[in-house]
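Residue-level listing of the chains:
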Amino acid sequence: MKKLFAKPLLELKRAELLQKSTQLKAKKGRAPHLAVVLVGEDPASQVYVSKKGEAAEAVGFTHETILFPVDASIETVKNKVQALNRDPKVDGILIQRPLPKQFHERDAVLWVSPEKDVDCLHPENIGLLVSGHARFAPCTPGGIMQLLAHYGISVEKKTVCVIGRSAIVGKPLASLLLAQNASVIQIHRSTPNPQELCRLADVVFAAAGQRALVTREWLKEGAVLVDVGIHRGADGKLSGDVDVASVEGIASAITPVPGGVGPMTIQVLLENTFASAAKES
Ligand code: NAD
C-alpha cells in the first residue's frame, strides 16, 4: 500500500509560492497578508493557527492573529472582521472554527467579504464553485485534488465515493470531483448501505470524522484511499477515518495521517491568499 505523503509536493509548491510572493512584494511594495480571527483558547485551534502563521512566513507572507476572549460579543468580533474587510493591506481573512457557543457559524461566514474569503466558505464563493467558476479553491478539497494529481491518480471517468457531506469537506469535494468527470457516490449518516456503495468506488474519500470507520469491508481490491479525518488519541498520536491495519493488502494507496491531506489544506489557504493579493483592483 503506497503512502501518498504531501511533503514532496509541498516542498515544490512552497518554493514556487515564495518566489511568486517575493515578485509580488517587489511590484506592490508589500507581501500578501493573511488575517486570522481566533475567539477563545481552544488548544487545537491555537495549534492550527500557529501552523498557518508559520506556513505563511515560510512563503514570504505577513500575517496577524486577532485574539478575542471566549466570551467576546458577536458585535465585537463582527465589527473587527468588517474592519479587516475594509483594510486594503489585508488580502485574506479566516475565522478559526469552532467558534464559542454564542456564535452561529452560519452567520459568521457572511461577515467576511467574498473577495477576502480565502477559506472559501461564503455562500457566494460556494455558488461560484458549484457553478464551475470558482473564485477560490475550497482548502481541504483543493489540497486533496493537488495531491492526487501529483501522484498521477486521475478520477476522470472513475467511480469515486465521498464519505461525508459537510460544507467544508464533503460537498465542495464532490463539486471538484464532478468537475473532473468522476461519477460521485456521496455517503452520509443516513445512507442505509454505505459499505456496499463504497465498494463500487475506485477512489474513496473518508471524511466522516469517525476514527477508523473505514475497514477492508468498505473497499474493492486496489482502491485508492484519501483519509481526511484527524483524531488525536489519548497518547497524543494522530490518526484518521481509516483503520489502516485493516485496509493493508486491499487498498493500493493511502494518504497518511498525519502527513497527507492536512498540510495540503494550509497550502491551498496560502495560494488563495496570494491570488487575492495578486488581483488587480
Ligand atoms: P462533520 O462532522 O462536519 O461532517 C461529517 C460528515 O460525515 C457528515 O456529513 C455526516 O453525515 C458524515 N458521517 C458521519 N458519520 C458517518 C458514518 N458512520 N457513515 C457515513 N457518513 C458519516 O466533519 P468535517 O468538518 O467534514 O470533518 C470530517 C473529518 O475531517 C474530521 O475528522 C475533521 O477533523 C477532518 N478534517 C480534516 C481537515 C484537514 O485539513 N485534513 C480539514 C477539515 C476537516
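Summarised in this report is the structure supplied together with it.

What counts, and where the lines are drawn
- Residues numbered from 1 in each chain as written.
- Predicted model: local features only at pLDDT ≥ 70, side-chain atom pairs only at ≥ 80, totals over all residues.
- Heavy atoms only, no water.
- Pairing = 2+ DSSP bridges.
- Helix = DSSP H or I, 4+ residues; strand = E, 2+ residues; numbered from the N terminus.
- Axes fitted to C-alpha atoms, helices over the stretch in contact; angles between N-to-C directions.
- Contact = heavy atoms within 4.5 Å.
- Near = heavy atom within 4 Å.
- Polar contact = N/O pair within 3.5 Å; in protein donor to acceptor, adjacent residues only side chain to side chain.
- Areas by Shrake-Rupley, 256 points an atom, 1.4 Å probe, with all protein chains shown as cover.
- Phe/Tyr/Trp six-rings, centres within 6.5 Å; stacked < 30°, edge-to-face > 60°.
- Buried < 20%, exposed > 50% of the residue type's maximum accessible area, 1.4 Å probe, protein only.
- Salt bridge = Lys/Arg side-chain N within 4 Å of Asp/Glu carboxyl O.

1. Overview of the sheet that holds strand β3 (residues 62–68)
Next up, step 1: Strands sit in the order β3-β2-β4 across an open sheet of three strands; the sheet is parallel. Strands with a single pairing partner mark the edges of an open sheet, and in this sheet they are β3 and β4 (92–95). Each strand axis lies, on average, 15° off the axis of its neighbour in the sheet, ignoring direction.
Next up, step 2: Here strand β2 (residues 33–39) pairs with β4 via four bridges, running parallel. Each bridged residue has a counterpart across the sheet, and for Ala35 the counterpart in β4 is Ile93.
Next up, step 3: Strands in contact with helix α3 (residues 74–86) are β2, β3 and β4; relative to β3, the strand with the most contacts, it is inclined by about 165°.

2. Re the side chain of Ser246
Next up, step 1: By the element assignment, Ser246 lies in helix α9 (residues 244–247).
Next up, step 2: If we skip the residues at most four places from it in the chain, Ser246 touches Thr215 and Arg216.

3. A few points about the sheet that holds strand β11 (residues 253–254)
Across a sheet, paired strands are connected by hydrogen bonds in the backbone, their directions being either parallel or antiparallel.
Next up, step 1: Read from one edge to the other, the open sheet built from six strands follows the order β1-β11-β8-β7-β5-β6, with strand pairing classed as parallel. Two strands in the sheet have a free side with no partner beyond their single neighbour: β1 (2–3) and β6 (183–187).
Next up, step 2: With two bridges connecting them, β1 and β11 associate as parallel partners. Note that in β11 the partner of Lys2 across the bridge is Ala253.
Next up, step 3: Helix α7 (residues 170–179) contacts β5 (159–163), β6 and β7 (203–206) of the sheet and is inclined by roughly 165° relative to β6.

4. Notes on the site of the ligand
Next up, step 1: Surveying the vicinity of the ligand reveals 22 residues, the closest of which are Arg165, Ser166, Arg189, Val228 and Thr265.
Next up, step 2: Within the backbone of Arg165, an N or O atom sits 2.8 Å from an oxygen atom of the ligand.
Next up, step 3: Contacts to the ligand include Ser166, whose side-chain N or O atom sits 2.5 Å from an oxygen atom.
Next up, step 4: Across the complex, the protein chains shield 75% of the 850 Å² of accessible surface that the ligand would expose by itself.

5. A few points about the packing of aromatic side chains
Next up, step 1: The tally for this structure, following the rule as stated, stands at one aromatic pair.
Next up, step 2: Between Phe103 and Trp111, the ring centres sit 6.2 Å apart and the planes meet at 65°, which makes this aromatic pair edge-to-face. Across this residue pair, the class does not change: Phe103 and Trp111 are buried.

6. Some remarks on the environment of Gly53
Next up, step 1: Inspection of the secondary structure assignment puts Gly53 in helix α2 (residues 43–58).
Next up, step 2: Sequence separation of Gly53 and Ser246 is 193 residues, and the distance between their C-alpha atoms is 36 Å.

7. Comments concerning the pattern of salt bridges
Next up, step 1: Taken as a whole, this structure holds seven salt bridges when the rule is applied.
Next up, step 2: The salt bridge partner of Glu105 is Arg97, with a shortest N-O separation of 3.5 Å.
Next up, step 3: Its relative accessible area of 29% is what places Glu105 among the partly exposed residues.
Next up, step 4: Residue class for Arg97 comes out partly exposed when judged on its relative accessible area of 29%.
Next up, step 5: A salt bridge links Asp202 to Lys220; the nearest nitrogen and oxygen atoms lie 2.8 Å apart. Residue Asp202 is located in the loop between α8 (194–198) and β7, and its partner Lys220 is located in the loop between β7 and β8 (224–227); the two are separated by 18 residues in the primary sequence.
Next up, step 6: Residue classification places Lys220 among the partly exposed positions, given a relative accessible area of 30%.
Next up, step 7: It is possible to trace a salt-bridge network through shared partners that takes in Glu115, Glu124 and Arg135.

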